[in-house]
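The residues making up each chain are set out below.
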Amino acid sequence: EHYLAVVAASVHIRPDTIAFHHHHVPRGEWWARAAPLLDLRRVPLPTEVFGRPLTHAAHRADVVRLRALLREGGIYLDMDVIALRSFD
């Protein structure tokens, strides 16, 4: 799944880079094939936002994504999104 998502984005969307923001790197054969196509960026896990604690992993991931988009711009795709054609 990871490999197909990364290759499809690379082929169809043709970004300058595919940034993968992570705290823990996935493992496995297909991940090993996808990783060379990515710009791996380790990030700390946020523990709070606006003074409120983040207790759920999904909420922490949301904050990581939003911070990256605000800082760098671009588009965000989940690893289960398979691009079938360009966004243009």
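Residue indices begin from 1 for each chain and proceed along its sequence in written order. For a predicted model such as this one, the threshold for reporting local features is a pLDDT of at least 70, and the threshold for listing and counting side-chain atom pairs is 80 or more; totals across whole chains, interfaces and linings nevertheless cover every residue. Hydrogens and waters are ignored; side-chain quantities use all the structure's heavy atoms.

Caption draft 1: Structural context of the layout of surface pockets. Only protein atoms enter the 1 Å grid used here. Points where a 1.4 Å probe fits but cannot escape make up a cavity, open sets with protein on both sides within 12 Å along at least five of seven lines make up a pocket, and a residue lines them when an atom lies within 4 Å of a point. Grid points are joined across faces, edges and corners, and a volume is the space filled by probe spheres set on the points. In this structure, the largest pocket encloses a volume near 990 Å³. A run of H or I in DSSP becomes a helix once it reaches four residues, and a run of E becomes a strand once it reaches two; helices and strands are each numbered from the N terminus. A per-element tally of the lining of the largest pocket places helix α3 (residues 57–72) first, with eight residues. In the lining of the largest pocket, the residues fall into 23 nonpolar, seven polar and five charged. For this classification, the nonpolar set comprises Ala, Val, Leu, Ile, Met, Phe, Trp, Tyr, Cys and Pro, the charged set comprises Asp, Glu, Lys and Arg, and every other residue, Gly included, is treated as polar.

Caption draft 2: The pattern of salt bridges, seen in detail. By salt bridge we mean one thing: a side-chain nitrogen of Lys or Arg within 4 Å of a carboxyl oxygen of Asp or Glu. According to the stated counting rule, one finds five salt bridges in the structure shown. Residues Arg33 and Glu29 are paired through a salt bridge, measuring 2.9 Å at the closest nitrogen-oxygen approach. Taken as a pair, Arg33 and Glu29 lie in helix α2 (residues 29–34) at a separation of four residues, close to a single helical turn. Only protein chains enter the accessibility calculation, which uses a 1.4 Å probe; a residue whose area is less than 20% of its type maximum is buried, one above 50% is exposed, and one in between is partly exposed. Taking the relative accessible area as the measure of exposure, Arg33 reaches 43% and is therefore partly exposed.

Caption draft 3: Geometry of a nonpolar patch on the surface. Residues forming no salt bridge and having over 30% relative accessible area are the ones grouped into patches, like charges within 9 Å of each other and nonpolar side chains (Val, Leu, Ile, Met, Phe, Trp, Tyr) within 5 Å. Reported accessibility uses the Shrake-Rupley method at a 1.4 Å probe radius. Residues are deemed covered only where the shown protein chains occlude them. Together, Leu4, Ile82 and Leu84 make up an exposed nonpolar region whose accessible area comes to about 310 Å². Residue placement: Leu84 occurs in the segment after α3. What makes Leu84 exposed here is its relative accessible area of 71%.

Caption draft 4: Molecular detail of the nonpolar core. Each nonpolar core is a collection of buried residues, namely Ala, Val, Leu, Ile, Met, Phe, Trp, Tyr and Cys, held together in the definition by side-chain atoms within 4.5 Å. Membership of the largest hydrophobic core is limited to eight residues, which are Val6, Ala9, Ile18, Phe20, Trp31, Ala34, Ala35 and Leu38. Where this core is concerned, the elements lending two or more residues are α1 (2–13) and α2. Should any heavy atoms of two residues lie within 4.5 Å, those residues are considered in contact. Dropping the residues within four chain positions of it, Ala9 is found in contact with Arg14, Pro15, Ile18, Leu77 and Ala83.

Caption draft 5: Broad picture of the environment of Val7. As for its position among the elements, Val7 is in helix α1. Its relative accessible area of 24% is what places Val7 among the partly exposed residues. Taking C-alpha positions, Val7 is 17 Å from His21, a pair spaced 14 residues apart along the chain.

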